[in-house]
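Structural description and commentary
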Amino acid sequence: MDALALLSGDTQSFLDKVWASHVHVHHGEPDQFVGLLSVDDVDHLLTSTALRAPALRIAKDGDVLPSSRFTRPATLAGQPLTELVDGRKVLALFDDGASVVLQGLHRYWPPLTELVHELELALGHPCQANAYLTPPGSQGFAVHSDSHDVFVIQTFGTKLWELHDDAGTREVTLEPGISMYLPTGTPHAARAQDTASLHVTIGINQVSWRSVLQRVTEDLLQDQRYDGRLPAGYLEHPEPLRDRLAEQLRTMAAQLTDQEPAALADQQVHRFLTGRNPLLRGGLVDRLRLDRITDHTRLLRRPGSACQVTPQPERLRVLLGDRELLMPLRLTEPMLLVCERDNICAADLSTWLGPESRLVLVRRLVREGLLQVPD
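A brief look at the structure comes next. (Residues numbered from 1 in each chain as written. Predicted model: local features only at pLDDT ≥ 70, side-chain atom pairs only at ≥ 80, totals over all residues. Heavy atoms only, no water.)

To continue, consider the state of the cysteines. Applying the stated criterion across every chain, the model contains one disulfide. You can see Cys127 has no disulfide; the closest cysteine sulfur is in Cys307, sitting 20 Å from it. The class for Cys127 is buried, based on a relative accessible area of 6%. With no disulfide of its own, Cys345 lies 16 Å from the sulfur of Cys339, the closest cysteine sulfur. (Disulfide = S-S within 2.5 Å. Buried < 20%, exposed > 50% of the residue type's maximum accessible area, 1.4 Å probe, protein only.)

This paragraph deals with the pairing of strand β2 (residues 56–60). Inspection of the sheet shows β2 paired to strand β6 (residues 99–102) by four bridges, in the antiparallel sense. The partner of Ala59 across the bridge, within β6, is Ser99. Hairpin connection between β2 and strand β3 (residues 63–64): a loop of two residues separates the two successive antiparallel strands, and Asp61 in this loop has a positive phi of roughly 55 degrees. (Pairing = 2+ DSSP bridges. Helix = DSSP H or I, 4+ residues; strand = E, 2+ residues; numbered from the N terminus.)

Turning next to the nonpolar core. Counting 39 residues, the largest nonpolar core has Leu37, Leu56, Leu102, Leu105, Leu112 and Ile202 as the members making the most contacts within it. For this core, the secondary-structure elements that each account for two or more residues are α4 (39–47), β2, α5 (87–95), β6, α6 (110–123), β7 (127–134), β8 (149–156) and β13 (197–204). Ranked by residue count, the leading element in this core is α6, at five residues. When neighbours within four sequence positions are excluded, Ile202 is seen to be in contact with Leu112, Leu115, Val116, Leu119, Cys127, Gln128, Ala129, Asp149, Val150, Phe151 and Ile153. Counting 27 residues, the second-largest nonpolar core is a separate cluster that includes Met327, Leu361, Leu371 and Val373. (Core = buried A, V, L, I, M, F, W, Y, C linked by side-chain atoms within 4.5 Å. Contact = heavy atoms within 4.5 Å.)

Moving on, we get to the environment of Val207. By the element assignment, Val207 lies in the loop between β13 and α7 (209–220). A sequence separation of 171 residues divides Val207 from Leu36, and the C-alpha atoms of the two residues are 26 Å apart. When residues no more than four places from it in sequence are discounted, the contact partners of Val207 are Gly124, His125, Pro126, Val212 and Gln268.

Turning our eyes to something else, we now look at the packing of aromatic side chains. What the rule picks out here adds up to two aromatic pairs. Where Tyr132 meets Phe141, the ring centres are 6.4 Å apart and the plane angle is 80 degrees; that geometry is what we call edge-to-face. Given a relative accessible area of 21%, Phe141 falls into the partly exposed group. Their ring planes at 40 degrees and their centres at 5.0 Å tell us that Phe151 and Tyr181 sit as a pair that is tilted. On the criterion of sequence distance, the pair formed by Phe151 in strand β8 and Tyr181 in strand β11 (residues 178–182) is long-range, its members being 30 residues apart. Residue Tyr181 is classed as buried on the basis of its relative accessible area, which comes to 1%. (Phe/Tyr/Trp six-rings, centres within 6.5 Å; stacked < 30°, edge-to-face > 60°.)

The residue Asp286 is located in helix α10 (residues 283–288) in this model. The buried category is assigned to Asp286, whose relative accessible area is 3%. The residues contacting Asp286, other than those within four sequence positions of it, are Arg302, Val366, Leu371, Gln372 and Val373.

Below, the structure is given as structure tokens:
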């Protein structure tokens, strides 16, 4: 899916509005929104899977209920299994007006996994997905604000949002096909209307300049010159402390000045594109189909997958989102082509690789999860 178009109409509109410090409402296609997470999907997760707390929270009248109210113990292969969600208890609490919160859906619900991966690659910031199911006429949480930016995607029913921002207090009604962007710190509350309401929130956990600069200074402080002790007697005679502190500050300032911004930026890119959750759905089936791949098998780029190719002095670095691959430099051009295309076959690489070598490469990329074998 085109995550940016889904949330904001088109890529440029999305990038213009995100972090623009104001609320933005977008009208899209209802069917696309419902396809992310339907009421039937939530029914399945609550009643027919081995969901465990804290993947589920339940709130009522502004309070989060203890997990003991909706979980039970069980055993698996003779071993204890704790905090297993009890579907019957959850449904009873929902009947009584409690809101159900599914947390971390990007970790286990494929449509949201794909959406979150695409957003992360577009923004360069970690994202997460939760869902909120609220009974008719109910409100799960009182007015509050979040410490991160939020996209709200209504997939079922209608919910009335009370917003407090620079424009004052206002109300926004969300229904399927409407999404809303809330900047960090926007006070809000929401109440379901005549029917139950289901919405998904995509949280953007911003990587701040502080976090990047903290890593730089922490690395510099590993230098042994900073292991020395403060001068004895500085409580009564602080002059030596002031003099030595000035010297240490000059030393660190010089070290900071010597830092290469390009190298630090590269480290941030490497850190991000090797630390995402892996996209492995279908990986087992793909492995079972490896022997079917021929020179003309059209392979598909896995949705939401990352692929950044950077030639290094001796090796080719390929970042796949959750890991780094080091390849021979002779694979630079074929790998650039692979990363540019949404589908490819081994024969497309014939300009650079022989029949056997190009099959070895595409089969490896299938095993690594970058490419998929179609049915």
